[in-house]
Amino acid sequence: MNFIEIYDDALSSENCDKLIDYFNKSPQGEGMVRDYEVDYRQKKSTELADSNFSLHPFTFQLISSTLPEYTDKYVKKYISLQHMGKWGVDDEFTLKKFEGEDEGFFAWHTEHGIFNPYRILVWMFYLNDAQCGTEFFYHPNVESKKGRLVIWPAGWTHYHKGVTPNKGIKYIMSGWYSFQQ
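A brief report on the enclosed structure follows. This is a predicted model, so every value here is computed, not measured.

## Some thoughts on helix α1 (residues 13-25)
Each α-helix winds once per 3.6 residues, and so residues spaced three or four apart point in a common direction.
Phase 1 of the analysis: Given a rise of 1.5 Å per residue, 13 residues ought to cover 18 Å, and the 18 Å separating the end C-alpha atoms of α1 matches this to within 8%.
Phase 2 of the analysis: Buried residues in α1 make contact with β2 (28-30), β4 (46-48), α2 (57-63), β5 (87-99), β7 (119-126) and β11 (169-179).

Next comes the structure, spelled out in structure tokens:
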């Protein structure tokens, strides 16, 4: 049991295309790491600027009918999540594009740490059939497939990075579930 769940066709092809179109028509910036810094040794990407659902409600609208459905399946499989207190979807998310071999998330990392201590789960949608996916240190790699949703624990057991070198264009949208007060 690796706690990585893959849900194919979780997001319709039409909604994937709408998110890519929204991304391409919206203000963008360089990909950040940790506490909002650019570090090309760790990550090079183009990302939606100010990526919070409260600022981009259209993005949440496109995933809001499907993300809870599959999260419920995940929680039913891993029932201990039902007993962990109040947690929910973060307002912050990322919508990004990696283009070519010189871009990618090169550094091994987790989604939980000193800068994000309340994160417990990660969710990620692949928005296109990219040629490379996500590499996990202790678990099998996940291939990119348009509409695929992947959910996994945010902690140290799920050390990961983008498959490098990146090949072609890869669009992903990801976010987190965190403890809430």
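So much for the structure itself; the text now carries on.
## Digging into the sheet that holds β11
Phase 1 of the analysis: Spatially, the seven strands line up as an open sheet ordered β1-β9-β7-β11-β5-β4-β2, and their pairing is antiparallel. Each edge of the open sheet is held by one strand with a lone partner, namely β1 (5-7) and β2. Each strand of the sheet is rotated relative to its neighbour by a mean of 25 degrees, with strand direction disregarded.
Phase 2 of the analysis: Where β2 meets β4, three bridges bridge the pair, whose relative direction is antiparallel. Paired with glycine 29 across the strands is glutamate 47, a residue of β4.

## A look at the nonpolar core
Phase 1 of the analysis: Among the nonpolar cores identified, the biggest contains 30 residues, and Ile63, Trp123, Phe125, Leu127, Leu149 and Met173 are the most heavily contacted of them.
Phase 2 of the analysis: When contributions to this core are tallied by element, the ones reaching two or more residues are α1, α2, α3 (67-77), β5, β7, β9 (149-153) and β11.
Phase 3 of the analysis: Phe98, Tyr126, Phe136 and Trp152 belong to the second-largest nonpolar core, a separate cluster that totals 14 residues.

## Digging into the packing of aromatic side chains
Phase 1 of the analysis: Enumeration over the complete set of coordinates arrives at 12 aromatic pairs.
Phase 2 of the analysis: Pairing tyrosine 7 with tyrosine 70 gives two aromatic rings, centres 5.0 Å apart and planes at 45 degrees, and the pair type is tilted. Of this pair, tyrosine 7 sits in strand β1 while tyrosine 70 sits in helix α3, placing them 63 residues apart in sequence. Assigned by exposure class, tyrosine 7 and tyrosine 70 land together as buried.
Phase 3 of the analysis: Through a chain of ring-to-ring contacts, three or more aromatic side chains come together here, namely Phe53, Phe60, Phe93, Trp123 and Phe125.

Thresholds applied
- Residues numbered from 1 in each chain as written.
- Predicted model: local features only at pLDDT ≥ 70, side-chain atom pairs only at ≥ 80, totals over all residues.
- Heavy atoms only, no water.
- Helix = DSSP H or I, 4+ residues; strand = E, 2+ residues; numbered from the N terminus.
- Expected span 1.5 Å × (residues − 1).
- Contact = heavy atoms within 4.5 Å.
- Pairing = 2+ DSSP bridges.
- Axes fitted to C-alpha atoms, helices over the stretch in contact; angles between N-to-C directions.
- Core = buried A, V, L, I, M, F, W, Y, C linked by side-chain atoms within 4.5 Å.
- Buried < 20%, exposed > 50% of the residue type's maximum accessible area, 1.4 Å probe, protein only.
- Phe/Tyr/Trp six-rings, centres within 6.5 Å; stacked < 30°, edge-to-face > 60°.

Just geometry here; none of it tells us what the structure is for.
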